[in-house]
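Residue-level listing of the chains:
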Amino acid sequence: MNASLQLIDTGPSGPHGYHSRERWARCAQLGAYHDLLHVWGTTEPGDARREDRLRRSHALAIGTLGHIGLAHHYALMKDRQQGRTPVRWLAPADAVRAFARRQWLEDYVPEMMPALEMYPRHYAAEESSLEIIAVEKVLSTVIAGRPFTQRADLAVKPRGQELIAIFDHKWISRCSNKWARQYANDGQFLGYKVLGAEAWG
């Protein structure tokens, strides 16, 4: 593995992200315990409590590794579309293994790797049908006088269209029609609407 190749940061967008707001909206005491008293530690990358939470949660571990793999898949695709050389990013499988070593998640790699390897074959048409606009881009704005940030996993523009779509990677289960109903009023996706419009019109 080439030591000069980089690993993409797919962690929290910062202290003003949706999930910190969502904690307070759901329960003020939960927000205070987490953000003011730090009962469960901070959510900064590398925090020991966060690493322990990753190791104990199967869904979170698989989803986190999947995010890393897809981030590298689309970042490499974006560079190919733009004719950018030399290659900057680790290959998806190498990125997953490197991140897993850092976070003590190696036990989960064999389980999720077949899906990661199948992904580019299943969605092979994407490279010619989609223009990759951004990968793991942190967007920011001010809402009601308060800063608000979110990390867009992926932003794309279908060829021949002006619409830009923001994707949030979900890794554990297959997407279905009920997802649209489930997330229609979700704060994370409403945030994407506001931030996406500001970033790309």
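Structure's up top.
How each quantity is defined
- Residues numbered from 1 in each chain as written.
- Predicted model: local features only at pLDDT ≥ 70, side-chain atom pairs only at ≥ 80, totals over all residues.
- Heavy atoms only, no water.
- Helix = DSSP H or I, 4+ residues; strand = E, 2+ residues; numbered from the N terminus.
- Buried < 20%, exposed > 50% of the residue type's maximum accessible area, 1.4 Å probe, protein only.
- Contact = heavy atoms within 4.5 Å.
- Polar contact = N/O pair within 3.5 Å; in protein donor to acceptor, adjacent residues only side chain to side chain.
- Phe/Tyr/Trp six-rings, centres within 6.5 Å; stacked < 30°, edge-to-face > 60°.
- Pairing = 2+ DSSP bridges.
- Axes fitted to C-alpha atoms, helices over the stretch in contact; angles between N-to-C directions.
- Core = buried A, V, L, I, M, F, W, Y, C linked by side-chain atoms within 4.5 Å.

(A) Geometry of the overall build of the chain. Scanning the chain from terminus to terminus reveals nine helices and three strands. If you list the helices and strands of the chain from N to C, you get α-α-α-α-α-α-α-β-β-β-α-α. Evaluated residue by residue, the chain yields a buried proportion of 39% over its 201 residues. Long-range contacts, defined as pairs at least 24 residues apart, comprise 62% of the intrachain contacts of the chain with a sequence gap of at least 6.

(B) Representation of the side chain of Arg151 within the structure. Take Arg151: it is sitting in strand β2 (residues 146-158). Since its relative accessible area comes to 12%, Arg151 is described here as buried. A polar contact is formed between the side chain of Arg151 and the backbone oxygen of Glu136, at a distance of 3.3 Å. Not counting the four nearest positions on each side in its chain, Arg151 is found in contact with Asp9, Thr10, Gly11, Pro12, Ser13, Glu136, Lys137, Val138 and Tyr192.

(C) Quick look at the packing of aromatic side chains. A full pass over the atoms with the stated rule returns three aromatic pairs. Ring geometry for Tyr74 and Tyr119: centres 6.1 Å apart, planes at 85 degrees, overall edge-to-face. Of the two residues, Tyr74 sits in helix α4 (residues 58-81) while Tyr119 sits in helix α6 (residues 109-122), which places them 45 residues apart along the sequence. Its relative accessible area of 2% is what places Tyr74 among the buried residues. Look at Tyr119 and you get buried, because its relative accessible area is 17%. Each ring, one from Phe189 and one from Tyr192, has its centre 5.8 Å from the other, and the planes form 80 degrees; the classification is edge-to-face. Here the residue Phe189 and the residue Tyr192 both occupy positions in helix α9 (residues 187-200), the gap between them amounting to three residues, near one helical turn.

(D) Quick peek at the sheet that holds strand β3 (residues 165-167). Taking strand neighbours across the sheet as the criterion, the three strands line up as β1-β2-β3 in an open arrangement whose pairing is antiparallel. At either end of the open sheet lies a strand with only one pairing partner, and these are β1 (130-143) and β3. Geometrically, the sheet is characterised by an average inter-axis angle of 45 degrees between neighbouring strands, direction not taken into account. For β1 and β2, the ladder comprises twelve bridges, and the chain directions are antiparallel. By the bridge assignment for β2, Ser140 is matched with Thr149.

(E) Main features of the nonpolar core. Membership of the largest hydrophobic core comes to 31 residues, with the highest contact counts inside it found for Leu65, Tyr74 and Val96. Here this core gets ten residues from one element, more than from any other, and that element is α4. In this structure, Tyr74 is in contact with Tyr119, Glu126, Ile132, Val135, Leu154 and His169, ignoring residues within four places of it in sequence. In terms of nonpolar packing, the next biggest core, distinct from the first, is built from six residues, Tyr18, Phe148, Ala152 and Leu195 among them.

The values are spatial; any link to function lies outside them.
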